[in-house]
Amino acid sequence: NIHHSNMTLEIAQINRYSKNTTAKLKIKAQNYFNAFIRDRDKDSFCISCQKSRVEQAGHFYSAGHHNHLRFNEDNVHGQCLRCNYYLCGNLNKYRINLQNKIGKERLAKLDLLASQKTAHKLDRFYLIEICEKYRKK
């Protein structure tokens, strides 16, 4: 067993991903996580426009600029394609509705995390943890 962050990975779990490069693991982890978000939010409307059905998992703080928030459940919510892609997240409405959804305290914590510009390298074991956590949900 390897203990990494909050989870203990079994050797079998690590071996399941042994043929995957770190880049491939990142894609796999993102796919499992996004599927979880879409499923979690499937019965609600787009976090931004509140009109359209959920089609994508949209990050409030972009994964590109805030890699450490890439797999943060408070940072990612169901969005329609129009808001997420064509309106670049429709972030003003996203923020208003995000506060309504998760509350002021959790949003303040998310803002604080976003302000902490730490270099966050996604290592193999962290990505395997994400895969294992969200693959089952």
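Remember, predicted model here, so these are calculated numbers, not experimental data. (Residues numbered from 1 in each chain as written. Predicted model: local features only at pLDDT ≥ 70, side-chain atom pairs only at ≥ 80, totals over all residues. Heavy atoms only, no water.)

Before going further, it helps to spend a moment on unusual backbone geometry. A positive phi is found at Q50, a non-glycine position, where the angle reads about 60°. Mapped onto the fold, Q50 is located in the loop between α2 (22-40) and β3 (56-59). Taking the relative accessible area as the measure of exposure, Q50 reaches 42% and is therefore partly exposed. Unlike most non-glycine residues, C88 shows phi in positive territory, near 55°. Within the secondary structure, C88 is located in the loop between α3 (81-86) and α4 (91-115). (Helix = DSSP H or I, 4+ residues; strand = E, 2+ residues; numbered from the N terminus. Buried < 20%, exposed > 50% of the residue type's maximum accessible area, 1.4 Å probe, protein only.)

Moving on, we get to α4. A rise of 1.5 Å per residue sets the reference length of α4, with its 25 residues, at 36 Å; its end C-alpha atoms lie only 17 Å apart and thus fall more than 12% short of the reference. For α4, every residue scored as buried is listed here: Y94, N97, L98, I102, L107, L110 and A114. On its buried face, α4 sits against β3 and β4 (76-79). (Expected span 1.5 Å × (residues − 1). Contact = heavy atoms within 4.5 Å.)

Further remarks concern the state of the cysteines. Here a disulfide denotes a covalent bond joining the sulfur atom of one cysteine to the sulfur atom of another. Following the criterion strictly, the structure yields zero disulfides and no others. C46 forms no disulfide, and the closest cysteine sulfur to it belongs to C80, at a distance of 3.8 Å. Free of any disulfide, C83 has its nearest cysteine sulfur in C80, 3.7 Å distant. (Disulfide = S-S within 2.5 Å.)

It is worth spelling out the packing of aromatic side chains at this point. For the coordinates displayed, the defined rule picks out seven aromatic pairs. Centroid distance F60 to Y94: 5.1 Å. Interplanar angle 55°. Geometry classified as tilted. Highlighted residues: F60 in the loop between β3 and β4 and Y94 in helix α4, separated in sequence by 34 residues. This pair shows no difference in class: F60 is buried, exactly as Y94 is. Ring pairing ties together the aromatic residues F33, F36, F71, Y126 and Y134, which thus form one cluster. In this structure, R53 is placed above the aromatic ring of F45, and the distance from its NZ or CZ to the ring centre is 4.8 Å. (Phe/Tyr/Trp six-rings, centres within 6.5 Å; stacked < 30°, edge-to-face > 60°. Lys NZ or Arg CZ within 6 Å of the ring centre and 35° of its normal.)

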